[in-house]
Structure formats: structure tokens, C-alpha cells
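Survey of secondary and tertiary structure
Next come the chains, spelled out residue by residue.
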Amino acid sequence: MGQIIWINGPVVRVRGSQQVGMLEVVEVGDEHLVGEVIGLERDVITVQVYEETSGLHPGAAVYGTGLPLSVELGPGLLQGIFDGIQRPLPVLELRSGAFIGRGIKTTPLYHKQKWAFTPQVEAGSIVQGGAILGTVPETPLLEHRVMLHPDLAGKLTWVAPAGEYTLLDPIAHLTPLNPPYEGGSAPPTSPLEEGGQGGGDGERTITMLQRWPVRRPRPYRRRLPLSELLVTGQRVLDAFFPLAKGGTAAIPGGFGAGKTVTQHQVAKWSDADVVIYVGCGERGNEMTEVLQEFPGLIDPQSGRPLMERTVLIANTSNMPVAAREASIYTGVTLAEYYRDMGYHVAIMADSTSRWAEALREISGRLEEMPAEGGYPAYLAARLAEFYERAGYVNTLSGTRGSVSIIGAVSPPGGDFSEPVTQHTRRFIRCFWALDKSLASARHFPAISWLDSYSEYVDEVTGWWEDQGYAGWHELRKQALSILQHESHLQQIVKLVGPDALPDDQRLVLETARLLREGFLQQNALDEIDSYSNIQKQIRILEIILHFHSRAAQLVAKGCPIVVIHDLPIVNTIVRMKDTIPNEEKREQPEQPLVTAWDEIREDLDKQMDELGKDYS
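Basis of the calculations
Residues numbered from 1 in each chain as written. Predicted model: local features only at pLDDT ≥ 70, side-chain atom pairs only at ≥ 80, totals over all residues. Heavy atoms only, no water. Helix = DSSP H or I, 4+ residues; strand = E, 2+ residues; numbered from the N terminus. Areas by Shrake-Rupley, 256 points an atom, 1.4 Å probe, with all protein chains shown as cover. Lys, Arg positive; Asp, Glu negative; His and termini not counted. Charge placed at Lys NZ, Arg CZ, Asp CG, Glu CD. Domains from an automatic or database assignment. Contact = heavy atoms within 4.5 Å. Buried area = accessible area lost by both parts, 1.4 Å probe. Salt bridge = Lys/Arg side-chain N within 4 Å of Asp/Glu carboxyl O. Polar contact = N/O pair within 3.5 Å; in protein donor to acceptor, adjacent residues only side chain to side chain. Nonpolar A, V, L, I, M, F, W, Y, C, P; charged D, E, K, R; others polar. Pairing = 2+ DSSP bridges. Axes fitted to C-alpha atoms, helices over the stretch in contact; angles between N-to-C directions. Parallel < 35°, antiparallel > 145°, perpendicular 65-115°, else oblique. Left-handed = near helix turned anticlockwise from the far one by under 90°. Phe/Tyr/Trp six-rings, centres within 6.5 Å; stacked < 30°, edge-to-face > 60°. Buried < 20%, exposed > 50% of the residue type's maximum accessible area, 1.4 Å probe, protein only. 1 Å grid on protein atoms, 1.4 Å probe; cavity = no way out; pocket = protein on both sides within 12 Å on 5 of 7 lines; lining within 4 Å. Points joined across faces, edges and corners; volume = space filled by probe spheres on them. Core = buried A, V, L, I, M, F, W, Y, C linked by side-chain atoms within 4.5 Å. Arc of directions from axis to C-beta.

So, the overall build of the protein chain
A count of helices and strands for the protein chain gives 16 helices and 26 strands. Expressed as lengths along the three principal axes of its C-alpha atoms, the size of the protein chain is roughly 90 × 55 × 40 Å. A total accessible area of about 24700 Å² is found for the protein chain, and carbon and sulfur atoms account for 50% of it. Each charge class in the protein chain can be summarised by its mean position, and for the 56 positive and 78 negative side chains these summaries are 2 Å apart.

Structure below.
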């Protein structure tokens, strides 16, 4: 294709053929390093290389492939651990040791493994792109639905009987029809090879393997309004700042504020069917913790290992910077693939700031004009491109699926006015702001109830009502009002001390303390407190606010707040979260969870009534 004439880190320039396409994958040098065309000017081609370029020299040959940067899609993705360009890290470790060697070629999925395929269609059927042809039990937790490539449509002339097949074995023969595409989010391009044989207008052989360009969103029929809560098991998120399935959220925070642990908690406990965790430019020890911890975790919904519904993409800070830029697109493409099967997928991107830094470095090497903070002028467009791939959709197969994106942001010094955080706020509707002062006070998750917000509150209110919690909206509003009132009172307390406040205002401080310590704080390392189902969340909130209501009546009658603070029930309320387990974890099913909460509420009323006799 041409020869290298200029090298600057991961960016090289090549003089050669003018027949090369934009975003085409090329192989650079004698070791055939993977690269991607990112600029064309007459016969000069600019390539970003996804591997270390040490030792490359001008005059080295560059070879074209004719294909865009793509991922392999098929059974075997779940439980997989890949790098930013979908190379399987366990395989790379076997071939080159703990550090990835250069120019190693391997397939992302193991093509020789046999999968138990069960057909869902018959020969003679007319099928459109995205149609489900059959199913494969990919893991005991998830059924893999084998789909027709979105760019194909036609009549099935043969369908394989139930049996075991590899990814490259034929499972159907298709005679294409024109046009091959109906609806969706993007116009079709020419069909990519799926690992089978055939092409053009003749009969095509369909296999279980697909390839899809990572920068092209997968098509769907239409977007649907968001209305269903993504249950995370984290009280401050579900009850105060909810994220709808198909929504977007950002977790900004300074170093040590708890971004990664918060994302780990959401990845562990959310009720998404599939979790894609992208470690983008993070420290190696954090990714090591994920890789060691996740295989031992148990999914609370099924009791199976959590890895059976998880894909990990590990691109640590010491890996080539260009691959970090690609890892985000790799992750969201895998998420869209499982969405098209009709599953709800949550993708964790940790951290988008490291991704933006990769864009900045490559932009600088390309000698582009920098914008604010040194980032390229197209930073906002790239962020929008990523977050807009979230959504709740009607898939091409007629099912419903969603992709929810949760991106961590690491602003330098915790400054939320820096470009990545500000641009991210334009494209997300759920903002979980981490407060370093809360983290320093050992309050975790350190999500600020004053700076955070969710624009999905109205959308998910109907979902809470359908679950039998019609009062959730009012409970949330009342609790946040108390916390905001406490914030104003704390400014006075810092000047004159709490004793100078009247008892009704000191009651606000006391209730806010109960909300902070008994509801908002959640111990990720505690077996009981790490995950709270929605019933437990509502019951805790109801009891704390019931305490506030009863205490307010006593204060109005002249009861000092100090007396109320010394009631035994106050400590019981603080300890509810880690003493009463979730319903599914109770050892005696004949004693329903509601009994424990009712006993606490009855005890609360009893102690308040006894105290009230002295001030009647």
C-alpha cells in the first residue's frame, strides 16, 4: 500500500496508494502492527497505530486490509476479557507473557469451539436483517440469540438442524432479496463478511459469526420513551437520583472520591441482563482487582456467578494510547449487539477523561489546533457520538432492548468546570457528582445530594407506582428538602454552634443525620448492606421520615430535641440498613421481611407515645 515517511509516537504518515479508504484498518511494518487510517491528503495517509511503535523506521512497508476497525460478534463473548481492539488477553498472556507482545495475531473468539445451536426458523422463511435464526446457551445465565446480519435480508433455502456447530460452520443458506434493509438508525453499507461463504447476488452461507465496524451504530427500528428504572441496589442512586434503562449517567469526581468503586457496585448489583465493563486508561491494579473479584461474585437475581453475564475490556494506562481511544467504541458495539437480542445492557466506561486525554495526545501529534484545555475542537462531537448510542429501542427482530451508559469522569483537582465534565453534562441526563469532602469523612458512596441531579425522575415515577410504591416521589421530595434545609442550617451552625438553634431546626439536623448515616451511607464491603432491593430502600426511607413527623409533633409540644435524640429507637434506625437483610436472603422464608420493618415502626410509635405523655 505504501511506505512510512514520518513517525510521531502512535501516529505515522505513509506515502502510497490513493485507493485507501478513511478508517480502513492497515498493518504497519514487518511485525504487521494494527493501525487505522485517520487522515488522507492526496497520496499521504495518516495512520494511528494501536500497538507500540518503538523500532519502526521510515521506509517500512504498510499493508491495507480493505476493512474498517471491526469486532467479532457471536457466542463466546460473555466471560471474555479483551483489550481495546478486542484481542483476548488470556490468549495473549499465553503467547507473550504478562506484557503484550507486538504484532501478535489471534482471533477475538475461539472459532473451533462447538456450540449447541437450536433453530428458531424454517427453510423457506423470508427474514429481514436482525431476525433471530436460533439460540445458543452461551452461559447458564444467558441465552445467546443468533441473529441475521442487519444488512442482509432474503429467503432461507436451508436451515441447519439442532446440533453442535462452530462459529464458522454453516447454519443457514440465504438467497438475498432487494432491498435488504428496513428502518433503523443508520443507512446500510455493503454487508460485512460473517465468516461464511458467498456474496453478491448469489446464495450466501450464514454462520454464527458476525463482524461489525465499531464506529458505526447498529441499526434498530425506533427509539422508545424511557420509563423503567435500572435498579442498582444503591440507595442514593435508586431512590434519589434514578437512572432509567436506556439512559445515560456520568460519575464525576476527583482522585479518591470513589468513582471506580461506585461503578463496580453498579456493575455487580444492577438488574441489567448483560454488563460491559470498559477499563479505559485506568491503573493496572484497579483492573486487576476487577479481574480477581468479579469471577467470585454471585448475581443476586439468579445466584449464578456474575461473570456469566459480564464482558470485561481492559485497557490500562500503560497500554498504547490509540487503543484506549478505540476501547470505548469496542465496548458500546458489544453492548448494542446484546441489545439487539432483546436484552438490557449496562456499559461502564471508566474513565472517559482518560479517553479524552488519548484524543488530546493524538490530536497534538497530528498538529491540530487545540481548543479549551488543549483538547481537540471535536471533543464534544466525540462525546455526543458515544452517549447517543444509549437508548431503549425496538430492535430489528421486534423485541425490546436497551443500552444504558454510565461514564466516569476524572476532572483534574475535582474541577467540574473543566471541558470533559462540562461537555459530558450536555449529553447525559443523570449526574452523580462525587464530593471529595464526603469521601474524606468516610461517607461512601460519596455522591453529593446537593450537586447531583436526575432528569429521569418523572419518567420512572410510573415504574415505582407499578411496583406498589406510589409514595416514592413524595418521599424523595421530602427527604431531599430536609437535606437541603440542613445544608443552609450548617452555615449558621459553623458560626454560632447547634445549641443556638431552636429545637425545630435542630430536629432538621437530627433527621438529616439519620438520612445520611442510616440511608445514604452504604458499605460496599458489608454482606447485607452492599445491596438493597427497592422494598428495603422504601421501608428505610419511610421509617426515617415517620420519625421526623412524630418528633416534630413532640417538639411542637415543647419536648427538647436532646431527649428525642437519646431514645433507643434512634440507634436502631441508624443500624437498620446492615441488620435487616433483603427479602431473598432471609433464612426463614415463613417470616416475611415486612415483619422486621413493622416491628421497628411499632417500637418507634411506642417510644414516641411514652415520651408524649410527659408533654401532653
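There is more to say after this.
Describing the domain arrangement of the protein chain
Domain boundaries assigned for the protein chain yield domain 1 (2-68), domain 2 (114-208), domain 3 (222-467) and domain 4 (471-614). One C-alpha centre belongs to domain 1, the other to domain 3; they are set 32 Å apart. Counting from both sides, the interface comprises 13 residues of domain 1 and, opposite them, 11 residues of domain 3. Here domain 1 and domain 3 share an interface that buries about 870 Å² over both sides, 64% of which is from carbon and sulfur atoms. For the domain 1 face of the interface with domain 3, the top three residues by lost area are P10, Q48 and Y50, together amounting to 47%. Across the contact surface, domain 1 and domain 3 share zero salt bridges. At the surface where domain 1 touches domain 3, the tally comes to two residue pairs in polar contact (both at pLDDT 80 or more). Elements that contribute at least two residues to the side of domain 1 that touches domain 3 include exactly β1 (2-8), β2 (11-16) and β5 (44-49). Ranked by residue count, the leading element in the side of domain 1 that touches domain 3 is β5, at three residues. Looking at the side of domain 1 that touches domain 3 residue by residue, the classes come out as six nonpolar, four polar and three charged.

Quick look at the sheet that holds strand β10 (residues 126-127)
One open sheet accounts for four strands, arranged β10-β13-β15-β16; its pairing is antiparallel. With partners counted over all chains shown, the strands left at the sheet margins are β10 and β16 (204-206), one partner each. As paired strands, strand β13 (residues 154-159) and strand β15 (residues 172-176) are joined by five bridges and run antiparallel to one another. Paired with K155 across the bridge in β15 is T175.

Concerning the packing of helix α13 (residues 534-556) against helix α15 (residues 568-579)
Two quantities define a packed helix pair, namely the angle between the helix axes and the distance between the axes. Direction vectors running N to C along α13 and α15 enclose 165°, while the axes themselves pass 10 Å from each other. When the axes of α13 and α15 are compared, the pair comes out roughly antiparallel. The interaxial crossing formed by α13 with α15 has left-handed handedness. Contacts between α13 and α15 involve K536, I540, I543, I544 and F547 on the former and, on the latter, V570, I573, M576 and K577. Taken together, the residues of the contact of α13 with α15 break down into seven nonpolar, no polar and two charged.

Some remarks on the environment of D503
Mapping D503 onto the fold places it in helix α12 (residues 503-520). Sequence-distant contacts of D503, that is, excluding residues within four places in its chain, are made with V555, C559, P560 and I561.

Notes on the sheet that holds strand β14 (residues 163-165)
If you walk across this open sheet you meet the four strands as β12-β11-β9-β14, and the pairing is antiparallel. Pairing within the sheet leaves two strands with one partner each, and these edge strands are β12 (142-147) and β14. Averaged over all neighbouring strand pairs, the angle between strand axes comes to 40°, with direction disregarded. Sheet topology places strand β9 (residues 115-119) next to strand β11 (residues 132-139); two bridges connect them, and they run antiparallel. Directly across from P119, in β11, lies its bridge partner G134. Across the face of the sheet, helix α5 (residues 321-340) comes into contact with β11 and β12 while running at roughly 90° to β12.

Re the packing of aromatic side chains
Counted according to the given criterion, the structure contains 13 aromatic pairs. Between F117 and Y165, the aromatic rings sit 6.1 Å apart at their centres with planes inclined by 80°, giving edge-to-face as the arrangement. In this pair, F117 is assigned in strand β9 and Y165 in strand β14, connecting sequence segments 48 residues apart. The residues F117 and Y165 share a single accessibility class, namely buried. With centroids separated by 5.5 Å and ring planes inclined at 45°, the aromatic side chains of F240 and F519 adopt a geometry described as tilted. Here F519 lies in helix α12 and F240 lies in helix α2 (residues 235-240), a separation of 279 residues in the sequence. F519 sits in the buried class, given a relative accessible area of 0%. Pairwise contacts between aromatic rings join Y329, W355, F386 and Y387 into one cluster.

Describing the layout of surface pockets
Considering only enclosed or pocket space, the largest pocket measures out at about 840 Å³ in volume. In terms of lining, the largest pocket is formed by 35 residues, of which the most central are A257, G258, V261, T262 and F444. For the lining of the largest pocket, the elements supplying multiple residues, two or more each, are α3 (259-269) and α4 (284-293). Take the lining of the largest pocket: its biggest share by element is seven residues, from α3.

Examining helix α8 (residues 419-427)
Taken together, the buried positions of α8 are occupied by P419, V420, T421, T424 and F427. Tucked inside the fold, the buried residues of α8 contact β19 (248-252), α6 (352-365), α7 (379-387), β24 (400-409) and β25 (430-431).

A look at the nonpolar core
Within the largest apolar cluster, 94 residues are counted, with the highest numbers of intra-cluster contacts made by F240, I406, W432, W464, F547 and I564. In this structure I406 touches L230, L243, A249, I251, Q263, V266, I347, M348, A349 and W432, once residues within four positions along its chain are discounted.

Observations regarding α7
An α-helical segment advances 3.6 residues per turn. Residues three or four places apart therefore align on the same side. Every buried residue of α7 is accounted for by L379, A380, L383, A384, F386 and Y387. Axial view of α7: buried residues confined to an arc of 160°, hence all on one face. Its buried side turned inward, α7 meets β19, α5, β22 (344-350), α6, β24 and α8.

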